[in-house]
Amino acid sequence: MAATIVRVLVLDATAARRARLERLLQGEPSFVVVGGAGSAQEAAEVARRRQPEVILLGLAGAAAQAAGWVRDIMNAWPLPIVAVAAERPEAVAQRAFALLEAGALAVLREPEPPDGAVRSAELAALLQHLRLMAEVKVVRRWTHAAGPHAASPALPLPARPRPRPRTAPAPLQLPAAPPAAAAARKTARVQVVAIGASTGGPVTLKRVLCSLPASFPVPILIVQHIADGFVDGLAAWLSAACAIPTEVARTGVKAEAGRAYLAPNGVHMRLAADGRLELDAGPPVNGHRPAVSCLFASIAAHCPASAVAILLTGMGRDGAAELKMLKDGGAITIAQDHASSVIHGMPGEAIRCGGATYVMSPEEIAAALPALAAK
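Here's what I pulled together on the structure shown here. All values reported here derive from a predicted model rather than from experimental measurement. (Residues numbered from 1 in each chain as written. Predicted model: local features only at pLDDT ≥ 70, side-chain atom pairs only at ≥ 80, totals over all residues. Heavy atoms only, no water.)

Here we look at the state of the cysteines
Piece 1. Counted under the stated rule, the structure contains one disulfide.
Piece 2. A sulfur-sulfur distance of 2.4 Å marks the disulfide that ties C210 to C242. The S-S bond linking C210 to C242 shows a torsion near -75°; that makes this disulfide left-handed. With C210 in the loop between α7 (201-209) and β7 (220-224) and C242 in the loop between α8 (231-241) and β8 (246-248), the pair connects residues that are 32 residues apart, well separated along the chain. Comparing C210 with C242, the two get one shared label, buried. (Disulfide = S-S within 2.5 Å. Helix = DSSP H or I, 4+ residues; strand = E, 2+ residues; numbered from the N terminus. Buried < 20%, exposed > 50% of the residue type's maximum accessible area, 1.4 Å probe, protein only.)

Quick look at the packing of aromatic side chains
To describe a pair of aromatic rings, you give the distance between the ring centres and the angle between the ring planes.
Piece 1. Across all of its chains, the model carries one aromatic pair by this definition.
Piece 2. Judged by centre distance (5.0 Å) and plane angle (20°), the ring pair of F97 and W237 falls under stacked. Placement of the pair is F97 in helix α4 (residues 89-102) and W237 in helix α8, with a sequence separation of 140 residues.
Piece 3. Assessed through its relative accessible area of 2%, F97 is described here as buried.
Piece 4. With a relative accessible area of 6%, W237 lands in the buried category.
Piece 5. Its end group placed over the ring of F31, R131 keeps NZ or CZ at 5.4 Å from the ring centre. (Phe/Tyr/Trp six-rings, centres within 6.5 Å; stacked < 30°, edge-to-face > 60°. Lys NZ or Arg CZ within 6 Å of the ring centre and 35° of its normal.)

Overview of the pairing of strand β2 (residues 31-37)
Piece 1. Examined bridge by bridge, strand β1 (residues 6-11) and β2 share six bridges and lie parallel to one another. In the strand pairing of β2, V6 is matched with F31. (Pairing = 2+ DSSP bridges.)

Thoughts on the packing of α7 against helix α12 (residues 362-373)
Two measures define how a pair of helices packs: the angle their axes make with one another and the distance between the axes.
Piece 1. In contact at an axis separation of 8 Å, α7 and α12 are set at 35° when each is read in the N-to-C sense. Note on packing geometry: the crossing formed by α7 with α12 is right-handed. Between α7 and α12, the residues in contact are T204, R207 and V208 and P362, E363, I365, A366 and L369, respectively.
Piece 2. A per-class count over the contact of α7 with α12 returns five nonpolar, one polar and two charged. (Axes fitted to C-alpha atoms, helices over the stretch in contact; angles between N-to-C directions. Left-handed = near helix turned anticlockwise from the far one by under 90°. Contact = heavy atoms within 4.5 Å. Nonpolar A, V, L, I, M, F, W, Y, C, P; charged D, E, K, R; others polar.)

Section: the sheet that holds strand β12 (residues 307-311)
Piece 1. Taken in spatial order, the seven strands make up an open sheet running β8-β9-β7-β6-β12-β13-β14, and their pairing is parallel. Taken across any chain shown, the strands that pair with only one partner, and hence form the sheet edges, are β8 and β14 (358-360). Ignoring which end each strand starts from, the neighbouring axes of this sheet average 20° apart.
Piece 2. Packed on one face of the sheet, α7 meets β6 (192-197), β7, β8, β9 (260-262) and β13 (332-336) and runs near 165° to β7.

Focus: the side chain of E349
Piece 1. On the secondary structure map, E349 appears in helix α11 (residues 345-352).
Piece 2. Of the polar contacts made by the side chain of E349, one reaches the side chain of R352; its length is 3.1 Å.
Piece 3. Discounting residues that sit within four places of it in the chain, E349 has contacts with R317, A320 and H344. (Polar contact = N/O pair within 3.5 Å; in protein donor to acceptor, adjacent residues only side chain to side chain.)

Brief notes about the pattern of salt bridges
Piece 1. Taken as a whole, this structure holds 12 salt bridges when the rule is applied.
Piece 2. Here E87 and R95 are joined by a salt bridge, their closest N and O atoms 3.6 Å apart.
Piece 3. Judged by its relative accessible area of 28%, E87 is partly exposed.
Piece 4. Given the relative accessible area of 14%, R95 is considered buried.
Piece 5. Its salt-bridge partner being E363, residue R207 comes within 2.6 Å of it at the nearest N-O pair. A residue pair is termed long-range when its members are at least 10 positions apart, and R207 in helix α7 and E363 in helix α12 qualify at 156 residues.
Piece 6. Given the relative accessible area of 45%, E363 is considered partly exposed.
Piece 7. Here the residues in one salt-bridge network are D12, R17, R20, E110 and E112, joined through shared partners. (Salt bridge = Lys/Arg side-chain N within 4 Å of Asp/Glu carboxyl O.)

In short, geometric facts, not functional conclusions.
This is the structure we're talking about:
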């Protein structure tokens, strides 16, 4: 059976950059470039005529308006958008995460054009994202101006974002846990919150963490699948916006209450019996390193009845089986609901295998966490 052809629109400010991005797809039989555009308005016009399924957006150094472009496209003619950055991740981190907030689905390192038939790992990742994101249904994001075609200003990117005062959300009344889960928990007090996320995760993590008070009583351990080089920027972006500081984990560090720890690129993160973080470069698990499964399994081995474990939006099944393991051991387990997930692969698989005590939106998760962590 022949592979489905993915129709791609290339968006970049300059013709030379558009040509470079188009070369990434040359020779790929399951992709076709249906047009190019040098602005959001032109992209919307081309999209109406050529009906692409996904936009490949170049995030070049001069393209500070890229977040505004994404917002305008999502207002006028919403399509899945995958952005690529030619610069080092630390140089474009603020704009990269602004793109995600504006509505882009993924930001990746821009791969080198293929050398003959040789396809780099970065190019393979880009092609996979384009294919998968082309299937995501996105919705129009209206501006405050009247009508769907009103232009939206570029998202401001201050050099030093100032955190706003945070108040704890109203507590969420949870339904009673299933009897088996309640019996497994016994009287154990929550000591850790563990979160796994993939596609759509950064913005969802921000929605959850920014609702928590600085006095949150337990540490938060996070495995977020993200392109190499972007995890430091993610930590800085979350810390700038949220009352809880977020840092990239270091091996041997004792996880502290009121702090969030992100697994670094290229290594698995585990929680040891003494509450310290362990990092290792073992083989990928479920195709990922770091893998959510490794973090969840380590908690299941040491303190399942003292954990809240959460599986957020993302493709694949990383962490789903281990969420069920945690639930069986007495953990409070949560899967993000379908309606709020960019891709419901990971949380959906956890729900199917019976691993979720609760199914919630990010806002419900944020409202429930303070009460859960106080138990």
